[in-house]
2 protein chains.
Amino acid sequence: MNSAPKVPIPTLERLATYLRYLIDLEASNVDTISSTEVERQTGINAAQFRKDLSYFREFGKPGVGYNVVELQTRIARILQIDRDQSVIVIGAGNLGSALVGYPGLGEHHFNIVGVFDSSPHKIGTTIFDLDILDVRTLKENNALLRARIAIIAVPASAAQAVAENAAAAGVRALLNFAPIILKVSDRVVVRNVSFLQELAVLSYQIVADVRK
Amino acid sequence: MNSAPKVPIPTLERLATYLRYLIDLEASNVDTISSTEVERQTGINAAQFRKDLSYFREFGKPGVGYNVVELQTRIARILQIDRDQSVIVIGAGNLGSALVGYPGLGEHHFNIVGVFDSSPHKIGTTIFDLDILDVRTLKENNALLRARIAIIAVPASAAQAVAENAAAAGVRALLNFAPIILKVSDRVVVRNVSFLQELAVLSYQIVADVRK
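Model, not experiment: these values are computed from the prediction.

Peer 1: So what exactly am I meant to see when it comes to the sheet that holds strand 9 (residues 189-192) of chain B here?
Peer 2: Whether parallel or antiparallel, the strands of a sheet pair through hydrogen bonds between backbone atoms. Residue and element names in this part refer to chain B. The strand order across the open sheet built from seven strands is 5-6-4-3-7-8-9, with neighbouring strands paired in mixed fashion. The strands lining the two open edges of the sheet, one partner per strand, are strand 5 (126-127) and strand 9. Sheet topology places strand 3 (residues 85-90) next to strand 4 (residues 110-117); six bridges connect them, and they run parallel. For Val-89, the partnering residue across the bridge sits in strand 4 and is Val-115. Helix-sheet contacts for helix 8 (residues 156-168) involve strand 3, strand 7 (149-152) and strand 8 (173-176), and the interaxial angle to strand 7 is about 170°.

So this is what it looks like as structure tokens:
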């Protein structure tokens with residue numbers, strides 16, 4: 001409660017993968033799973049799965065397995081996604097719109113509470129029932145919205161300024177889609193989603209595989 | 001040339017990050033960089049940077065640093081993104097459209113050669129000068145297009161079938177945006193981009209940080 005365990009980021013990423021899988025299982029009315037089954041379905045090694053869970057506490061019993069609903073609830077709580085979180089999206093282009101309309105976010109308590117853009121053609125229009133707000137009013141608006149997470153979906157040339165303004169507006173975490181390395185204060189955490197990076201890794205893997 | 005080194009995937013991911021940074025540096029007319037400077041700018045440890053490069057060959061000299069253009073060229077070649085690669089996008093919603101229009105891909109030789117959708121309202125219309133093709137014609141069309149990489153930007157309910165059809169159509173690598181764990185043959189490599197996962201990790205990090 002009063003001290004957070006030092007959990008490696010890859011463990012957190014895998015927890016989110018397990019959660020995704022557990023949600024699918026629950027929808028298929030599966031009650032319990034084994035770590036071997038987790039490995040078969042997610043491609044993540046069974047020993048790794050048990051180690052990831054051990055950072056938090058041991059649950060699951062050898063030979064009995066894990067209760068799907070219980071494990072799902074536990075992981076959601078660990079990741080803090082069992083409670084509502086307000087998120088703002090900056091950039092209302094195709095990507096920003098896709099994120100605002102992404103059904104999975106609301107289901108996991110990530111509530112998009114504001115969308116910002118700089119284009120006079122977009123400001124004042126709505127997407128998915130949200131008014132597009134002027135990005136120059138980010139600070140005033142976020143004083144009301146109180147989002148601590150912002151998604152940056154603006155072109156690379158605008159991203160650094162947007163990140164700084166978001167931080168000044170009280171945002172503590174940035175999910176950055178712009179292909180640029182953001183420089184932010186230590187108070188702000190950043191995760192980057194790079195389509196190019198993902199494709200580059202796939203590109204390498206195809207060729208490495210061909211050479212086998 | 002005839003045997004691919006066994007390179008960890010996190011190394012490949014970091015290579016793509018270095019590449020991003022080197023491109024920014026070249027645009028700013030910086031000639032050489034040190035591993036310390038790489039650490040300061042990308043947040044990736046200098047020793048890690050040197051280790052990542054050592055998988056391929058040693059370049060850069062202690063006290064002299066790395067030539068920005070040369071290193072960029074080398075990394076692009078390692079990742080196989082110095083040559084044209086054909087990519088198809090399946091799903092022409094907001095997300096698919098964002099990917100088709102994403103300027104960074106073409107710059108790195110990832111050429112989107114086809115877009116597919118199942119909606120009669122979309123098939124036959126164009127986005128960014130590409131005709132939207134009927135996803136049921138994936139196999140016939142990819143016999144001509146010959147893309148080995150496909151981006152899956154369809155709803156979760158359609159993703160598994162789409163992945164199987166893509167594999168049957170000769171696709172070897174899938175970049176999957178649907179929130180589902182795809183089951184594919186060993187011949188196909190998959191990378192998943194999960195907005196939920198990214199937000200969940202940020203969510204944990206904010207709270208862990210608050211507790212420090």
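We are not done yet, so read on.
Peer 1: Would you mind showing me how to read the pattern of salt bridges here?
Peer 2: Side chains carrying opposite charge are able to pair once their charged atoms draw close together. Inspection of the entire model under this criterion finds 14 salt bridges over all chains. Residue A:Arg191 pairs with A:Glu13 through a salt bridge whose shortest N-O separation is 2.5 Å. Linking A:Arg191 in strand 9 (residues 189-192) with A:Glu13 in helix 1 (residues 9-27), this pair joins segments that are 178 residues apart in sequence. On the basis of relative accessibility, which here comes to 24%, the residue A:Glu13 falls in the partly exposed class. Beyond isolated ion pairs, a larger network of salt bridges with shared partners links A:Glu13, A:Arg191 and B:Glu198.

Peer 1: Explain the domain arrangement of chain A to me, please; I cannot follow it from the model alone.
Peer 2: Buried accessible area, meaning the area lost when the parts come together, often serves as the stated size of an interface. Partitioning chain A into domains gives domain 1 (9-78) and domain 2 (85-196). Between the C-alpha centres of domain 1 of chain A and domain 2 of chain A the distance comes to 31 Å.

Peer 1: Would you take a moment to explain the relation of the copies chain B and chain A for this structure?
Peer 2: Placing chain B over chain A gives an RMSD of 0.0 Å and needs a rotation angle of 180°, together with 0.0 Å of translation along the axis. Look at the turn and shift together and you get a two-fold axis relating the two. Of the interface residues in chain B, 98% have counterparts in chain A that sit at the interface too, so the contact is made through matching surfaces.

Peer 1: Teacher, can you tell me more about the packing of helix 1 (residues 9-27) of chain B against helix 3 (residues 46-54) of chain B here?
Peer 2: When two helices pack together, their arrangement is given by the angle between the helix axes and by the axis-to-axis distance. Residues and elements named next belong to chain B. Two elements in contact, helix 1 and helix 3, have axes whose closest approach is 10 Å; the angle formed by their N-to-C orientations is 110°. On the basis of the axis angle, helix 1 is roughly perpendicular to helix 3. Touching Thr-11, Arg-14, Leu-15 and Tyr-18 of helix 1 are Gln-48, Phe-49, Asp-52 and Leu-53, all from helix 3. The class makeup of the residues in the contact of helix 1 with helix 3 is four nonpolar, two polar and two charged.

Here is what the cut-offs are and how they apply
- Residues numbered from 1 in each chain as written.
- Chains lettered and ligands numbered in written order.
- Predicted model: local features only at pLDDT ≥ 70, side-chain atom pairs only at ≥ 80, totals over all residues.
- Heavy atoms only, no water.
- Pairing = 2+ DSSP bridges.
- Helix = DSSP H or I, 4+ residues; strand = E, 2+ residues; numbered from the N terminus.
- Contact = heavy atoms within 4.5 Å.
- Axes fitted to C-alpha atoms, helices over the stretch in contact; angles between N-to-C directions.
- Salt bridge = Lys/Arg side-chain N within 4 Å of Asp/Glu carboxyl O.
- Buried < 20%, exposed > 50% of the residue type's maximum accessible area, 1.4 Å probe, protein only.
- Domains from an automatic or database assignment.
- Least-squares fit on C-alpha atoms with pLDDT ≥ 70 in both.
- Parallel < 35°, antiparallel > 145°, perpendicular 65-115°, else oblique.
- Nonpolar A, V, L, I, M, F, W, Y, C, P; charged D, E, K, R; others polar.

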